[in-house]
Amino acid sequence: MGKSLKKAISFWLCLAVGFGLAAFYPSVVSETTVAGAASSANYYSGITATGGTQLLGQVHDLIVETHTHYSTYTDCKTPSIIKKTDPGSDSSHVMEFYSQADISASWGSGAVGTWNREHVWCQSHSNGLWGESGGGGDLHHIRPAESRVNSTRNNNQYGTVSNRDSHKIYYKNAGGSVVADAGYNAGGTFEPLDKVKGDVARIVMYVYTHYNKGANVGGTLNSNTSGTLHFTDIMAPSSESAAIELLLEWNESDPVDAIERTRNEAVYEIQGNRNPFIDHPEYADAIWGDGHYDPPVSDIKPTSLTITPSAVTMSVGGTQNLTVTPTPSNASGEVKWSVEPKNIVTVADGKLTAYAEGQATVTATSTLDPNVKATASVTVKKPEGGGDGGSTTAGSFTITRSSFSAKSGGYGFYEWSAGGVKGIAFIYASETGKMQFNSDKDSCYVASTTAAPGPITKVTVKMQTGSKSWKLLTSSSAYGEVEGKPTNGNDHGTETVTTGGTSWNVSGTDTFFALTYQDTKAAYIDSITVEYGPSQGEDPTPPPPVHEHVFEYEDYTEETHLVGCKTCTDYLEEEPHVYTDDADTTCNLCGHVRTVHTHEYQYEQLDETYHTVTCKGCNEVHDKEVHEYSDSADTTCDKCGYERTIGGDEHTHSYLYTDRDDDTHTVTCETCGDVNETEPHEYSGDTDTTCNKCGHVRTVADEEKLAAFREAVAAISSEGTLAAWRESINEAIVAYNALSETEKTIVESETETLLQEIAAYDRTVQAYNEAAQKANGTAWKGAGSFLNG
Amino acid sequence: MKKQFVIVAAVCALTCCLGACDWGKKPQNHDPEDRYEALNDMLDASYSKIVLTVTNTFDESASLVSEYTIAHADGAVKVQYSVERFAEIGDPLTAPLLGEKETLTGEAVIRDGALTFTGDDVGLTPDFADTRLTFAEQVFDRIALTETSLKADVVKPGAFLGSQITCTNMHVEAAFGEVFSKIDITYTAADGSTVEYLFLFTP
């Protein structure tokens, strides 16, 4: 066979065959880590919000952005994938979702006792957002469910079933025997088992968070097939709040377990994103309930810190917020603030308060590394004017993005504080480098809500990028939150503001201002400097210098010591001793020495059920305990020696083992019927085919047959003649059909290779047939003289 | 066809009378162009049966043979055909495999330029009205032309076969007397396979 012939397989033939064989050769998701996926340890490092829509939006953006590989509906039925996401007790089983029991790993296409794909959030309740792609192929969402359980649940909403025990449904095997309970179903409502409710709730919350449009959930991104979802679409309660309440209840009553954690890791490796409600179930309450989420403090040491702003000019009495940014960005930003000299300005949690004229240096020192610091210079201007009541304070304050304490969130009103003046602005809070406005939003302006120290004389605005039009208003009264833009006050005109800065000169006595956006689309302001003139007022009184206590400790009682200040008498507290651990005998602060007593317990019979536990040394009675026996036949308590009686109504069970299915048998007592359990078959080893208890005969993989099949597949070669190629494929097919169903699951990789060879063979013969047909057509035309009558 | 024959016969008879040709005798010592014309005329002769066998060979074990038996009857042309195709494995993993090839058969009837068929559809079309073999010196090279045979390399395959074709190494061998007994055309197709068109004529 010429090599050129092999190479000449046409593109459309390959495409046609590829589509045609899709049913036999499902796409296999790479089982290696998705390229670019962040380490799971740092996955949530960008979550800074503490609750509500802000937290929901951040979580939404995170799981959408990191969802770099969208699994397919076919992936959700591929045994090699499902064995990783939903492993059963052994390699031939996976876990059935609603019962959490083992089910054969083989795809059963709807046969009883086999599994198919369950949309936890039904397609029919997805508002058309998914069928078998997008959310309908998301491995965090789709679960394997026994086919009859799946069809019984149908598209019923999740909720509480009244009198549920009379509406229980079961996972049954092909023989009709009950394998396990699977939930409760009645009146169009499906209630999962108690141990599955949390799993369902966390899947529902994931789907809601992921596949709602960003704008619906406070986020900024839209995912594959995103739209609008409500909890009432999938939950039975009629109101959204009641649906949320039920989800939060299930989230709490059925905590995250190893099943979900294993699944989360497996799907994360495939898709690149995680179910955040499994890693952080507390998110649910923080977002939709009354909870609060505290983002963990990073333990990564910063290599440097940056204070913003790095230079501040203030007036006496004014305040200014400083922010610290660590490098790298995921390092800890926790710092200790200090200032020198202490009588000019104070600093607390980054907030400056100016008390006296002068220069000061503020230092932020990393709490993780004292060698990592940053400084900012502060200039405080003394108010002008004398004691005749006409004191003046001319000065200015500058508003930048760091004047806002909010560091995340969507568009909304946020407070700023600068130079002792406070105000509001309708900005996009997640943009922390500049003040971002947008004409498309409900409002677009910045204004002051407290008065400047003096009448405003000049306002200078600098854009960070571009040029946009703004209007300045001033007023003698505070501005507030309005929809659109405020219009009250004195209009000082509209100017085009540039990156070089544009100023309005203002006269009058107004001490409030509003800067309103007059242009279109987005605008990014770098700074707004408001200058004000002298005003009437009293001289502010500077505070006394700040005193720093120097603590000393004095042993006081067996349990406490006194804490005082060496240099002042203002501090005196009683505090408990501090020890390193339970064995430590010396207080770390005052040196008090304690006696550590080790209890030596003794047990004394109390009654037929309990004995008491006391310490021989301190005679402290700790509690009573239930008698402890080695086994059901033991008559003497291992601790107190109580002798119990076994017998009377009790008897020795006579166990009867009854084969139940391929995996289990039932255990009952022939005489009393009290024992009625299900346990897995027991074999002596991997090659043992007969259960030691019930006699069930199983099929054990025949290694010779497996080897024969593998060899036959390896021997397939297209290098010789077409007939030889076909024959080699045929031998592999014969060897495949000699395998049992169990054995076929062992050689899935080689089977896929065989299918590929078959596809290649078919493509080749299709090309040959095409070529022959073409040649025949030419011959037909050449015979035209014989064909014309 | 009969009309053409009468006309030709009349012309030849006249020519013979004039001594310009020896109709009825084997072409000999004629101008080459005349000899090729005679071969083209043989294409229009009446044959009771023509069997066209097309063989496509892909490797030493893989070939497809298609046979078309052409006969005239009742004012129409009937073509009985059998066309081989390689069988795809198709539904996989079902042991054992079915046969390597399958054969499609049927009969086509061509009447007044229209084609109908019964049996398997093998893609026969009535687009042969203006196509035919054409013997001419300029389409051949390394010609060995005798009174009973022609062997030549075909350097203009499209002009010879009467339709576009992409191939190499086309060769023709024809055996004839007053009419053709055989035309055997071989070539190498663009995909590297070899193709043979074998026409066997029964007068």
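Preceding this section is the structure that the text describes.
Since the model is a prediction, treat every value here as computed from it, not as a measurement.

Peer 1: Help me understand the packing of helix H6 (residues 194-211) of chain A against helix H7 (residues 240-253) of chain A, please; the structure alone is not making it clear to me.
Peer 2: Helices that pack against each other are described as a pair by the angle of their axes relative to one another and the distance between those axes. Residues and elements named next belong to chain A. Relative orientation of the contacting elements H6 and H7 amounts to 130°, with a least axis distance of 7 Å. In terms of orientation, H6 lies oblique with respect to H7. For the element pair H6 and H7, the recorded crossing hand is left-handed. Here H6 contributes Lys 197, Gly 198, Val 200, Ala 201, Arg 202, Val 204, Met 205 and Tyr 208 to the contact with H7, which in turn contributes Glu 240, Leu 247, Trp 250 and Asn 251.

Peer 1: Explanation requested: the interface of chain B and chain A in the structure shown.
Peer 2: Quite often, the size of an interface is put as the accessible area lost when its parts meet. Counting from both sides, the interface comprises 57 residues of chain B and, opposite them, 41 residues of chain A. With both chains or domains summed, chain B and chain A bury close to 4300 Å², and 65% of this area falls on carbon and sulfur atoms. At the surface where chain B touches chain A, the tally comes to 0 salt bridges. Listed by contribution, the elements that provide at least two residues to the side of chain B that touches chain A are strand E1 (49-59), strand E2 (62-73), strand E3 (76-86) and strand E10 (194-202) of chain B. Within the side of chain B that touches chain A, the residues separate by chemical class into 36 nonpolar, 11 polar and 10 charged.

Peer 1: Can you help me understand helix H8 (residues 258-271) of chain A in this one?
Peer 2: Spacing of three or four residues puts side chains on the same side of an α-helix, whose turn is 3.6 residues. Residues and elements named next belong to chain A. The terminal C-alpha atoms of H8 lie 20 Å apart, and with 14 residues this matches the ideal 20 Å at 1.5 Å per residue to within 8%. Within H8 the residues assigned to the buried category are Glu 260, Arg 263, Asn 264, Ala 266, Val 267, Tyr 268, Ile 270 and Gln 271. At the N-terminal boundary of H8, the capping side chain belongs to Asp 257, with an oxygen 3.2 Å from the backbone nitrogen of Ile 259. Two residues or fewer past H8, Gly 272 is found with a positive phi of approximately 95°.

Peer 1: Mind showing me how you'd approach the nonpolar core here?
Peer 2: The tendency in soluble globular proteins is for nonpolar side chains to be buried as a group. One finds Leu 55, Tyr 158, Phe 231, Tyr 283 and Trp 288 of chain A to be the most contacted residues of the largest nonpolar core, which totals 68 residues. If you tally residues by element for this core, the top one is H6 of chain A, at 10 residues. Every residue in contact with Tyr 283 of chain A, bar those within four places of it in the chain, is listed here: Tyr 44, Ile 47, Leu 55, Val 59, Pro 276, Phe 277 and Tyr 293 of chain A. If you look at the next biggest cluster of nonpolar residues, it comprises 52 residues, including Tyr 47, Val 77, Phe 140 and Tyr 187 of chain B.

Peer 1: Is there a simple way to think about the sheet that holds strand E17 (residues 373-381) of chain A in this case?
Peer 2: Pairing between sheet strands relies on hydrogen bonds along the backbone, with the strands arranged either parallel or antiparallel. Residues and elements named next belong to chain A. Spatial strand order, E10-E17-E16-E13: 4 strands in an open sheet with mixed pairing. Of all the strands in the sheet, the pair left with one neighbour each is strand E10 (311-315) and strand E13 (335-340). Shown here is a sheet whose adjacent strand axes are inclined to one another by a mean of 25°, direction ignored. As judged from the 6 bridges shared by E13 and strand E16 (residues 358-366), these two strands associate in the antiparallel manner. The residue of E16 that forms the bridge with Glu 340 is Thr 361.

The rules behind the values
Residues numbered from 1 in each chain as written. Chains lettered and ligands numbered in written order. Predicted model: local features only at pLDDT ≥ 70, side-chain atom pairs only at ≥ 80, totals over all residues. Heavy atoms only, no water. Axes fitted to C-alpha atoms, helices over the stretch in contact; angles between N-to-C directions. Helix = DSSP H or I, 4+ residues; strand = E, 2+ residues; numbered from the N terminus. Parallel < 35°, antiparallel > 145°, perpendicular 65-115°, else oblique. Left-handed = near helix turned anticlockwise from the far one by under 90°. Contact = heavy atoms within 4.5 Å. Buried area = accessible area lost by both parts, 1.4 Å probe. Salt bridge = Lys/Arg side-chain N within 4 Å of Asp/Glu carboxyl O. Nonpolar A, V, L, I, M, F, W, Y, C, P; charged D, E, K, R; others polar. Expected span 1.5 Å × (residues − 1). Buried < 20%, exposed > 50% of the residue type's maximum accessible area, 1.4 Å probe, protein only. Polar contact = N/O pair within 3.5 Å; in protein donor to acceptor, adjacent residues only side chain to side chain. Core = buried A, V, L, I, M, F, W, Y, C linked by side-chain atoms within 4.5 Å. Pairing = 2+ DSSP bridges.

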